[in-house]
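# A look at the structure
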Amino acid sequence: MYLEQLELTNFRNYKKLILNFDQGINIFIGANAQGKTNLLEAIYVLALTRSHRTSNDKEMIQWQQDFARIDGQVMRQTGKLPLELIISKQGKRAKVNHLEQSKLSAYLGNFNVVLFAPEDLDIVKGSPATRRHFIDMEFGQMSANYLSNLSQYKLVLKQRNLYLRQLKYQQAKDLVYLEVLSDQLAAFGAKVIKIRYQLLAQMEKFAQVIHKEITNQQETLTFQYRTLIKQHALTDSEETIYQEIKAIYTENQPREIEQGTTLYGPHRDDVLFFVNDQNVQAFGSQGQQRTTALSVKLAEIDLMAAQTGEYPVLLLDDVLSELDDVRQTHLLKAFQDKVQTFLTTTSLDNVAKEIINDPKVFHIDSGMIKV
Amino acid sequence: MQYPEPIAKLIDSYMKLPGIGSKTATRLAFYTIDMQTDDVQAFAKSLIAAKKDLHYCSICGNITESDPCDICRDKSRDQSVVIVVEQPKDVMALEKMNDYHGLYHVLHGVLSPMEGTGPEDINIKSLIKRLQKTPIKEVIIATNATPEGEATAMYISRLIKPAGIKVTRLAHGLSVGSDIEYADEMTLLKAVEGRQEM
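Predicted, not measured: the structure shown is a model, and the values here were computed from it.

Analysis parameters
- All residue numbers refer to positions counted from 1 along the written sequence of the respective chain.
- Key to labels: chains lettered from A, ligands numbered from 1, both in the order written.
- Owing to the predicted nature of the model, reporting of local features is limited to residues with pLDDT of at least 70; listing and counting of side-chain atom pairs is limited to 80 or more, with chain, interface and lining totals taken over all residues.
- As a convention, hydrogens and water are excluded, and side-chain values are obtained from all of the structure's heavy atoms.
- Helix and strand assignments follow DSSP, with helices taken as H or I runs no shorter than four residues and strands as E runs no shorter than two, numbered in order from the N terminus.
- Each residue's exposure class comes from its accessible area (1.4 Å probe, protein chains only) as a fraction of the maximum for that residue type: buried when under 20%, exposed when over 50%, partly exposed otherwise.
- For this analysis, a polar contact is any N or O atom pair within 3.5 Å, provided that within protein one partner can donate a hydrogen and the other can accept it, and provided that sequence-adjacent residues contribute only side-chain to side-chain pairs.
- Two residues form a contact once any of their heavy atoms are found within 4.5 Å.
- Side-chain rings of Phe, Tyr and Trp, where Trp is taken by its six-membered ring, are said to pair if the distance between their centres is within 6.5 Å; with planes under 30 degrees apart they count as stacked, over 60 as edge-to-face, and otherwise as tilted.
- In this scheme, patches are assembled from residues that exceed 30% relative accessible area and form no salt bridge. Like charges are connected within 9 Å, while nonpolar side chains (Val, Leu, Ile, Met, Phe, Trp, Tyr) are connected within 5 Å.
- Accessibility throughout is a Shrake-Rupley quantity obtained with a 1.4 Å probe, and a residue counts as covered only by protein chains that appear here.
- In the sections that follow, a salt bridge refers to a side-chain nitrogen of Lys or Arg positioned within 4 Å of a carboxyl oxygen of Asp or Glu.
- Charge assignment: positive for Lys and Arg, negative for Asp and Glu; neither His nor the chain ends contribute.
- Working definition for charges: the position is that of NZ of Lys, CZ of Arg, CG of Asp or CD of Glu.
- Between N-to-C directions, angles span 0 to 180 degrees; the directions come from axes that are lines fitted to C-alpha atoms, helices contributing only their stretch in contact.
- Orientation categories follow fixed angle ranges, with anything under 35 degrees roughly parallel, anything over 145 roughly antiparallel, 65 to 115 roughly perpendicular, and all other angles oblique.
- Amino acid classes used here: Ala, Val, Leu, Ile, Met, Phe, Trp, Tyr, Cys and Pro are nonpolar; Asp, Glu, Lys and Arg are charged; the rest, including Gly, are polar.
- Take the accessible area each of two parts loses on contact, using a 1.4 Å probe, and add the two losses: that sum is the buried area.
- By the convention used here, strands pair only if DSSP detects at least 2 bridges between them.
- Take the buried residues of types Ala, Val, Leu, Ile, Met, Phe, Trp, Tyr and Cys, join any two whose side-chain atoms come within 4.5 Å, and each joined set is a nonpolar core.
- These domain boundaries are the output of an automatic or database domain assignment.

A separate point is the side chain of B:Ser80. Residue and element names in this part refer to chain B. Structurally, Ser-80 can be placed in the loop between helix H4 (70-73) and strand E3 (81-85). Looking at Ser-80, the relative accessible area reads 19%, which means it is buried. Engagement of the side chain of Ser-80 in a polar contact is seen with the side chain of Asp-78, the distance being 2.7 Å. When near neighbours in sequence (up to four residues on either side) are disregarded, Ser-80 contacts Pro-135, Ile-136, Lys-137 and Glu-138.

Here is the structure:
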């Protein structure tokens, strides 16, 4: 799918703006603080009804105005689809094909985007919690089963932690109930681990291809899923995984009571990334870490395409400056014929123009746009 | 300016009910003022009567006017099977089915450390005592299909299974007369898991 036309009204620094886009690569170029990222944000909001930059929708409305409006013409395999989103101080209204949607959930999914912003580099460099958050968000979109098991796991985890605390301070003494909670946590945990493992394997395949492309066949990217059970046990059935987790809880019961919290489970999982068999998080160069983050993130595009049958639109916010020329070239090559791409940059000098099939370039200067 | 004391107190009382905020409470209070005196008196009486004349059954824990309750006293009912539920409301729901003629046991809650309810805080002890004294052969656990309801069901089954009593759990899945296309993913998943051979 691709975005053919975007119309903004009172959105951030744009009073009124109509832009027509190319099916391939679209470049927003301009100095700092001119409104490049605002354009990417508008496309993102049109797709997901919320911003990646702020949780306060009112910030997107131009100063002293009552509402902001984003209109988009999305071309899908099935034809042209007009989308409209109005953000007012009273809330949001969304229209698909000029019909108002009573639920925002009915609006979502009509236009899919994948955004890569500098803060996404944290997928590699950040804490295990950042990576867990990333995979939970990602897999949650793809599998309702995962989302439901994860939220039940979190609920039981909370109950179990509280009960372990009560046992620690002798406010409770019933160990049968602890066993019940352990069994329940192990059952949801086994489901979460199984789905994580399967989806990570799928994602790894896509990320590998992309990584090879970006690094000009020099580097091989592999994932390793670290959880409380052994690597080779991950391919076992859910039942076997469940039994293993249960055994871990039984064995460590005294320790967990002493600590008053759950020490083992998928809430402590991590994903390690290896380039040519070396851990990137620990030993990779800055550039390798960036490339890895990019490959992992871009694998989302293929995963989404595999799932919905259509490629989403790719938004790259100021990412090119983070990569060397070779990696830039390969990145743009990897997707240029399949995926409509929007990117922001301060100058065109370092964008390898010759490999891009006539990009459409937009010069942005204080909210004025020249094609 | 404030409302005169009688009506302010009435508004306050209405606000103690669940789901009623200050606006609804004010509307209800003013409506009460305009009601016939007889009706208001009957209303007040039933409020007090509900509190004074209702007790918990000493056997099953259900709400009743007389102890033991009508269901526990009815000897024509099947004395060998008991359904364990969370709330008295659940007993009413199951009774509407008109097809179950066994006994009930009301827990008055589920196990949830988050809400501060442990095994001693719900009606489990009396269930165990009851099982020791009476010839119950099967316990059907009908707690809600929430993680807490499941944990409570598992807990009870661990306590009573060693005594050789059959423990069963209500089925999960599609509701009768519903269309598959409108069912949510999790319900469908449970329904597929719990499929039966034909």
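This part is about the packing of aromatic side chains. The full count for this structure, using the stated rule, is eleven aromatic pairs over all chains. Seen in terms of ring centroids, A:Phe21 and A:Phe342 are 4.7 Å apart; in terms of plane orientation they differ by 85 degrees. Their pairing is edge-to-face. Remark: A:Phe342 occurs in strand E13 (residues 341-345) and A:Phe21 occurs in the loop between strand E2 (14-20) and strand E3 (25-29); sequence separation between them is 321 residues. Accessibility classification places A:Phe21 together with A:Phe342 in one group, the buried group. Between B:Tyr3 and B:Phe30 the ring centres are 5.5 Å apart and the planes differ by 65 degrees, which places this aromatic pair in the edge-to-face class. In this pair, B:Tyr3 sits in the segment before helix H1 (5-15) while B:Phe30 sits in helix H2 (residues 22-34), placing the two residues 27 residues apart along the sequence. Looking at B:Tyr3, the relative accessible area reads 43%, which means it is partly exposed.

Our next topic: a positive patch on the surface. The grouping of A:Lys173, B:Lys125, B:Lys129 and B:Lys133 at the surface amounts to a positive patch. Turning to its location among the elements, B:Lys125 is positioned in helix H6 (residues 124-133).

On to the packing of helix H6 (residues 175-214) of chain A against helix H11 (residues 325-335) of chain A, then. All names here are of chain A. Where H6 contacts H11, the axes come no closer than 8 Å and their chain directions differ by 130 degrees. Classified by the angle their axes make, H6 and H11 are oblique. For the pair formed by H6 and H11, the contact residues are Ile-210, Glu-213 and Ile-214 on the first element and Val-326, Arg-327, His-330, Leu-331, Ala-334 and Phe-335 on the second. Here the contact of H6 with H11 is built from residues that sort into six nonpolar, one polar and two charged.

At the interface, 17 residues of chain B touch 20 residues of chain A. Note on chain B versus chain A: buried area summed over both sides is about 1,700 Å², and carbon and sulfur give 66% of it. Area buried by chain B at its contact with chain A is led by B:Pro113, B:Met114 and B:Arg158, which between them contribute 36% of it. In this assembly, chain B and chain A are joined by two salt bridges. B:Arg158 is the salt-bridge partner of A:Glu179, the closest N and O atoms lying 3.3 Å from each other. Linking chain B with chain A are seven residue pairs in polar contact (both at pLDDT 80 or more), by the criterion used here. By residue number, the principal contributor to the side of chain B that touches chain A is helix H7 (residues 147-160) of chain B, which donates eight residues. Grouping the constituent residues of the side of chain B that touches chain A by class yields eleven nonpolar, one polar and five charged.

Put simply, B:Asp67 and B:Pro68 share a cis peptide bond, and its omega is -5 degrees. Summarising the element assignment, B:Pro68 is placed in the loop between strand E2 (63-64) and H4. With a phi angle near 70 degrees, A:His98 is a residue other than glycine that sits in the positive phi range. Tracing the backbone through its elements, the reader meets A:His98 in the loop between strand E6 (91-96) and strand E7 (99-101).

Regular strands have side chains that alternate between both faces of the sheet. Residues and elements named next belong to chain A. Alternating residues of strand E9 (residues 221-226) divide into Leu-221, Phe-223 and Tyr-225, all buried, and Thr-222, Gln-224 and Arg-226, none buried. Pairing geometry for E9 and strand E10 (residues 270-275), over six bridges, is antiparallel. Note that in E10 the partner of Tyr-225 across the bridge is Val-271.

Below, the discussion takes up the sheet that holds E3(B). All names here are of chain B. Ordered in space as E4-E3-E5-E6, the four strands form an open sheet in which the pairing is parallel. Two strands in the sheet have a free side with no partner beyond their single neighbour: strand E4 (103-106) and strand E6 (166-169). With direction set aside, neighbouring strand axes in the sheet form an average angle of 25 degrees. Where strand E5 (residues 138-141) and E6 come together, four bridges link them in parallel fashion. Bridging from a neighbouring strand, Ile-141 pairs with Arg-169 of E6.

Now for the nonpolar core. By size, the foremost hydrophobic cluster in this structure holds 110 residues, and its most contacted members are A:Phe223, A:Ile245, A:Phe273, A:Leu298 and B:Val139. Residue contributions to this core peak at 17 residues, all from H6(A). Inspection of this core shows a minimum of three residues originating in each of domain 1 (1-112 + 310-371) and domain 2 (123-307) of chain A. With near-sequence residues (within four places) excluded, B:Val139 lies in contact with B:Val82, B:Val84, B:Leu131, B:Ile160, B:Ile165, B:Lys166, B:Val167 and B:Thr168. Of all hydrophobic cores here, the second largest spans 39 residues; its members include A:Val74, A:Leu83, A:Phe111 and A:Ala117.

Turning next to the sheet that holds E10(A). All names here are of chain A. Sheet architecture is open: three strands sit in the order E9-E10-E11, paired in antiparallel fashion. Edge strands, defined here as strands with exactly one partner in the open sheet, are E9 and strand E11 (278-279). Along the sheet face, H6 touches E9 and E10 and points at about 165 degrees away from the line of E9.

Here we come to the pattern of salt bridges. A full pass over the atoms with the stated rule returns 23 salt bridges over all chains. Measuring nitrogen to oxygen at the nearest pair gives 2.1 Å for the salt bridge that ties A:Asp183 to B:Arg158. Taken together, the residues span two chains, with A:Asp183 in helix H6 and B:Arg158 in helix H7. Among the residues examined, B:Arg158 registers a relative accessible area of 30% and is labelled partly exposed. Residues participating in the shared-partner salt-bridge network are A:Glu179, A:Asp183, A:Lys246 and B:Arg158.

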